[in-house]
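Structure at a glance
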Amino acid sequence: MTTPLSHTTISSPNPAAQFAALRQQVNQQILGQSRLVDRLLIALLADGHLLVEGAPGLAKTTAIKVLATGLEGNFHRIQFTPDLLPADLTGTEIYRPHDGSFRFDRGPIFHNLLLADEVNRAPAKVQSALLEAMGERQVTVGRETYPLPPLFLVMATQNPIEHEGTYPLPEAQLDRFLMHVRVDYPNFETEQAILALNRHQARSNSTESAGAIVSQADVFAARQAVLDLYMAPEIETYLVHLVMATRRPADYAVDLEGWLRFGASPRATIALHRCARALAWLNGRDYVSPEDIQAVAPDILRHRVLLSYEAEADGRSADDFIAALLRRVPAP
């Protein structure tokens, strides 16, 4: 389904103000998931994709749908199922009998925002087609290659329950995601606010948030502003040390030796660099602090580190390792 643009598109000389308004707009509709909203905006600013994991009913789908109403572009949701084919995602060539030629019929992957719902329910060929498009930003069918839109964001979801009949994403393919975000249940007060919001929306028969749409030109201008943000050399060194510590943890803390089989790739360094900048920019600062790096590190590293069998047997998780790492690698 494609979300129609129902508001006036504004090209603003101040992308920061536009994104601040968009952030507030989405948070007014998605209660108790401000961290997920921020990660969506960070992925948009860092030109990456994210994998979101959480129990059903935690507004994962609603979050990207509401975000889409505030962006210039189109949105499509795909329910991944075991009988899905790669062509259902990328599109296929259609034979034209009147002139004997073929015409490429574009699939849903050519939208600006794509929700890959329950990505682990589709077989490996479909997952590979999605991840190839995410990484290469293009689709090849036969002898022809078709570029994807310049503004292209995939949010894939998976549930932490009901793993029977699913196809878990291999660790090497998980590395294609900029972030792996986990969402949890809201607290008591937020649950009451959700009830009130739902009642209001039912009365007004509307779930769309009102407000101006952030243009694609604003998104690209914001991305440039994020890249121009100041990062001190010692902050950059700290960032690299964090990633290096996932590969040789014993060099940084003796008690972390033996926790991991594999550490994070250089893709993690790039992701940490971009996301820390994006978070600082979203929070209205013109410099990156160690706190920005520490805030996004779990989402960037949790799917890129592979625990040892001994650590898993002891009941440790990737989040436990990352938390220990952040405590032991000294920040500037």
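Residue positions are given per chain, counted from 1 along the sequence in the order it is written. Totals for whole chains, interfaces and linings use all residues, but because this is a predicted model, local features are given only for residues with pLDDT of at least 70 and pairs of side-chain atoms are given and counted only at 80 or more. Side-chain numbers come from the whole structure's heavy atoms, not from hydrogens or water.

**With respect to the confidence of the model for the protein**
As a reminder, the rule being used: Scored between 0 and 100, pLDDT is the confidence that the predictor attaches to each residue. Here, residues are in contact when the closest pair of their heavy atoms is within 4.5 Å.
Of all residues in the protein, 93% attain a pLDDT of 70 or more, and the chain-wide mean is 88. pLDDT under 50 marks residues 1-10. Its contacts with residues more than four places away, or in other chains, come to 31 contacts.

**Points about the sheet that holds strand S9 (residues 153-158)**
Under the convention used in this document: Only when DSSP finds a minimum of two bridges between them are two strands counted as paired. Elements are defined by DSSP. Helices are runs of H or I of four residues or more, strands are runs of E of two residues or more, and each kind is numbered from the N terminus. Axis definition: a line fitted to C-alpha atoms, over the contacting stretch in the case of helices. Angles run 0 to 180 degrees between N-to-C directions.
The strand order S3-S6-S9-S2-S10 describes an open sheet built from five strands, whose pairing is parallel. Since the sheet does not close on itself, it has two edges, and those belong to strand S3 (75-79) and strand S10 (179-182), each with one partner. Within the sheet, the average angular offset between the axes of one strand and its neighbour, ignoring direction, is 20 degrees. The pairing of strand S2 (residues 50-53) with S10 spans four bridges and is classified as parallel. Bridge pairing links Val52 to Val181 in S10. Relative to S10, helix H2 (residues 34-46) is tilted by about 165 degrees, and along the sheet it contacts S2, S9 and S10.

**Notes on the packing of helix H1 (residues 15-29) against H2**
Under the convention used in this document: Crossing handedness: left-handed means the near helix sits turned counterclockwise from the far one by under a right angle, and right-handed means the same turn made clockwise. Following the grouping adopted for this structure description, the nonpolar residues are Ala, Val, Leu, Ile, Met, Phe, Trp, Tyr, Cys and Pro, the charged ones are Asp, Glu, Lys and Arg, and the polar ones are all others, Gly among them.
Interaxial distance between H1 and H2 falls to 10 Å at its minimum, and their mutual angle equals 145 degrees. For H1 against H2, the interelement crossing comes out right-handed. Every residue of H2 that contacts H1 at Phe19, Leu22, Arg23, Val26 and Asn27 is listed here: Ser34, Val37, Asp38, Leu41, Leu44 and Leu45. Residue composition of the contact of H1 with H2, by class: seven nonpolar, two polar and two charged.

**Focus on the environment of Val126**
With respect to the element layout, Val126 can be found in helix H5 (residues 124-136). The sequence separation of Val126 and Asp83 amounts to 43 residues, and the corresponding C-alpha distance is 9.7 Å. The contact partners of Val126, leaving out residues within four places of it in the chain, are Phe80, Leu84, Leu85, Pro86 and Leu89.

**Side note on the environment of Ala87**
The topology assignment puts Ala87 in helix H4 (residues 86-90). When the C-alpha positions of Ala87 and Thr140 are compared, they lie 11 Å apart, and in sequence the two are 53 residues distant.

**With respect to the side chain of Asn120**
As for its placement among the helices and strands, Asn120 is situated in the loop between strand S6 (113-117) and H5. Non-local contacts of Asn120, meaning those with residues more than four positions away in its chain, are made with Gln127, Thr157, Gln158, Asn159, His163, Thr166 and Tyr167.

**Points about the side chain of Thr166**
Position of Thr166 among the secondary structure elements: in the loop between S9 and helix H6 (171-174). Residue contacts for Thr166: discarding those within four places in its chain leaves Asn120 and Arg121.

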